[in-house]
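Each chain is listed here by its residues.
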Amino acid sequence: MTDSPMTSSSQRVGAWFERFAAALQQPDMVQAVALFAPDSYWRDLVAFTWNIKTLEGRDQIKAMLKATLAETQPHGWQLEGEATEADGVTDAWFTFETAVARGRGHIRLKDGLCWTLLTTMTELKGFEEKTGAQRVKGAEHGAAPGRQNWLERKTQQEAALGHSEQPYVVIIGGGQGGIGLGARLKRLGVPTIIIERNAKAGDSWRKRYKSLCLHDPVWYDHMPYLPFPDDWPVFTPKDKMGDWLEMYTKVMELNYWASTECLGARFDAQKQAWEVTVEREGETIVLRPKQLVFALGVSGFPSLPMLPGAETFLGAQHHSSKHPGGEAYRGKKCVVLGANNSAHDICADLWEHGADVTMVQRSSTHIARSDSLMDLALGGLYSDAAVKAGMTTNKADLTFASVPYKIMHSFQIPVYEAMAKRDADFYAGLKKAGFMLDFGDDGSGLFMKYLRRGSGYYIDVGASGLVADGSIQLKSGVSIERINPMSVTLTDGSELPADLLVYATGYGSMNGWVAKLVSPAVADAVGKCWGLGSNTTKDPGPWEGELRNMWKPTAQPQLWFHGGNLHQSRHYSEFLALQLKARQEGLPIKVYGRGEVHHLR
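All of the points below concern the structure found in this document. (Residues numbered from 1 in each chain as written. Predicted model: local features only at pLDDT ≥ 70, side-chain atom pairs only at ≥ 80, totals over all residues. Heavy atoms only, no water.)

1. Focus: the overall build of the protein
Then, number 1: In terms of regular secondary structure, the protein is built from 18 helices and 24 strands.
Then, number 2: A globule of 601 residues ought to have a C-alpha radius of gyration of about 25 Å, and the protein, at 26 Å, matches this closely.
Then, number 3: Viewed in the frame of its principal axes, the protein has a C-alpha envelope of about 75 × 70 × 50 Å.
Then, number 4: Taking all 601 residues of the protein together, 53% fall into the buried category.
Then, number 5: Considering only contacts in the protein between residues 6 or more positions apart, those separated by 24 or more positions represent 65%.
Then, number 6: Working note: accessible area of the protein is about 25,600 Å², and carbon and sulfur atoms make up 51% of it.
Then, number 7: Of note, the protein has its 64 positive side-chain charges centred 3 Å away from the centre of its 67 negative side-chain charges. (Helix = DSSP H or I, 4+ residues; strand = E, 2+ residues; numbered from the N terminus. Rg over C-alpha atoms; globule rule 2.2 N^0.38 Å. Buried < 20%, exposed > 50% of the residue type's maximum accessible area, 1.4 Å probe, protein only. Contact = heavy atoms within 4.5 Å. Areas by Shrake-Rupley, 256 points an atom, 1.4 Å probe, with all protein chains shown as cover. Lys, Arg positive; Asp, Glu negative; His and termini not counted. Charge placed at Lys NZ, Arg CZ, Asp CG, Glu CD.)

2. Focus: the nonpolar core
Then, number 1: F20, W42, L65, I107 and F294 are the most contacted members of the largest nonpolar core, which has 165 residues in total.
Then, number 2: No other element matches the eight residues that helix α18 (residues 566-584) contributes to this core.
Then, number 3: Every residue in contact with L65, bar those within four places of it in the chain, is listed here: L24, M29, A32, W42 and F48.
Then, number 4: Core analysis: the second largest hydrophobic core is formed by 15 residues, A310, V478, I480 and Y503 among them. (Core = buried A, V, L, I, M, F, W, Y, C linked by side-chain atoms within 4.5 Å.)

3. A short note on the side chain of E56
Then, number 1: Locating E56 in the fold gives a position in strand β2 (residues 52-56).
Then, number 2: Of the side chains with opposite charge, K406 comes closest to the buried, unpaired E56, at an N-O distance of 4.2 Å.
Then, number 3: One polar contact links E56 to W543, side chain to side chain, over a distance of 2.7 Å.
Then, number 4: Setting aside chain neighbours within four positions, we find E56 in contact with S40, Y41, K406, W543 and G545. (Salt bridge = Lys/Arg side-chain N within 4 Å of Asp/Glu carboxyl O. Polar contact = N/O pair within 3.5 Å; in protein donor to acceptor, adjacent residues only side chain to side chain.)

4. What about helix α14 (residues 445-453)?
Then, number 1: By the criterion of burial, α14 is predominantly enclosed, with nine of the nine residues buried.
Then, number 2: Restricting attention to buried positions, one finds in α14 the residues G445, L446, F447, M448, K449, Y450, L451, R452 and R453.
Then, number 3: In this fold, the buried residues of α14 make contact with β17 (366-369), α11 (393-401), α12 (405-422), β18 (457-460) and α18.
Then, number 4: Where α14 ends, the next residue or the one after it, G454, has phi of about 70°, a positive value.

5. A look at the side chain of T192
Then, number 1: Turning to its location among the elements, T192 is positioned in strand β8 (residues 192-195).
Then, number 2: Under the relative-accessibility criterion, T192 is labelled buried at 6%.
Then, number 3: Among the polar contacts listed, one links the side chain of T192 to the backbone oxygen of V190, at a separation of 2.9 Å.
Then, number 4: Leave out the neighbours within four places in its chain, and T192 touches L161, P167, V169, I171, L185 and N255.

6. Here's the deal with the packing of helix α9 (residues 370-378) against α12
Then, number 1: Packing of α9 against α12 brings their axes to within 10 Å, and their N-to-C directions diverge by 145°. Where α9 crosses over α12, the handedness of that crossing is right-handed. When α9 is examined against α12, the residues D371, S372, L373, D375, L376 and A377 are found in contact with a partner set consisting of V415, Y416, A418, M419 and R422.
Then, number 2: A class-by-class count of the residues in the contact of α9 with α12 yields seven nonpolar, one polar and three charged. (Axes fitted to C-alpha atoms, helices over the stretch in contact; angles between N-to-C directions. Left-handed = near helix turned anticlockwise from the far one by under 90°. Nonpolar A, V, L, I, M, F, W, Y, C, P; charged D, E, K, R; others polar.)

7. Observations concerning the sheet that holds strand β6 (residues 113-124)
Then, number 1: What the six strands build is an open sheet, ordered β2-β1-β6-β5-β4-β3; its pairing is mixed. Both outer strands of the open sheet, β2 and β3 (75-86), are each paired with one neighbouring strand and no more. On average, each strand axis in the sheet is inclined to that of its neighbour by 15°, with strand direction left out of account.
Then, number 2: Strand direction decides the pairing type here: β3 and strand β4 (residues 89-97), joined by seven bridges, are antiparallel. Pairing of H75 across the sheet is with E97, part of β4.
Then, number 3: Relative to strand β1 (residues 36-45), helix α3 (residues 58-72) is tilted by about 45°, and along the sheet it contacts β1, β2 and β6. (Pairing = 2+ DSSP bridges.)

Following this line, the structure appears as structure tokens:
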């Protein structure tokens, strides 16, 4: 009787792990790394390195194992479910343990050798989340004098934290990133305060122009622990998202300090703690957390070009982040500088309100139609069909994370080649209108652009059609040379009358906030956030292997960055929370492979 292909695949993976575990037990590093292909990749999310780190090739894998094996003590490698095989690659999920944690991972074998390996920490032994059978009772049955109910205990704890008791973590930024991380930390029992200058959770969404919706589909955007209901819109409107975040902070019982602004922060090296000065409803308070997290989105301050004559302009001018909507500009001449997501959204918003709008495109942009992006790029992991096929959000996140950044572009290129063919007429219409298109420096499309530079793309939800048919006027291959009282002069010498000028010109690095709130010296010591060092446009080398400074230890002790889109905020908040919890509990931590600082801001 012959084994089925799945059983045979599982046996191959099982045999690989038996040899791997034996080599680590000896330990025999030569034998261990011989199980990896010469062009192999091991991506570790905290489990071995207490870092977010990708090892590329046998030499790097060997060096990491030599440095971490004694402390990590990995064991208990177990296949999870059945392995699968396609195109000569065997895929399998597995679980494992270390001295202090439990983990889950993914492996790809080629010709019997490991091609890619993902290891992730899922929980700390002895400090598990209180879920399932471990959940708290919430009520004390019986009778006792002076007994407090749930609300009284909650109110007392909230009143004490930040005053008579200090938080272990302060998170600056109460958007979806800070809220999701706060929920992870709450479940782990880490005293945390989230600082938000807006009056209510979700206001950062509510205050944007009224037509704003998420461009990512609902399956990609769930928050930790509480998925959106199954009748939630595919593309979440901004006010609905704001209401969900406000609800989430209450249901998850987060210590959320709204109407609070961080005035500054200082690290006390002697006390190994931060002093964070905030103003809360007119009161100045000094918080003294051990750990400080900046959770202010993907980017830093708005980037505003220094254009001659800006001070003479008699109309309105503002950055895209401040755009209130197009209601006030019916019949007005509007110029939007930029051609990425915000520029397209704002141009469409202005056109819908009867404005005469011109987009000024300085450099080429990648456009992906929303339907095509969902079908070709996200559908296998984040879609209704994927859910019906048994895909969970966590498994989808881990599958995505299992592809090392070094080779991710090779996975993406075929997707965007298919997109170019599928939407050939759409792209032809844009080109005919003079729009400058690209698919990234290497044809790898939207997500690689997002990782490398955080800009340079638009997910088309309607504005591209307005550009193609001339409803949104276009000036491409030029920029603004100078601003006049009621017009702008472009670099080709042409002039555009203007009542409104919108700068859809992006943002700086997140460590710009560190420069403002801590010091320029600390910001430069930490270095730039985001980007891979791919040596592509706006992502200068050298190669980093992971996103700079995100969700992992930085050059400044006890300072962290958290952000990204909803998918990244959800997934990587798990690993940042585990790192913070381990430090709170004093577990032995030896960070391996800290990144060097190559770029300041």
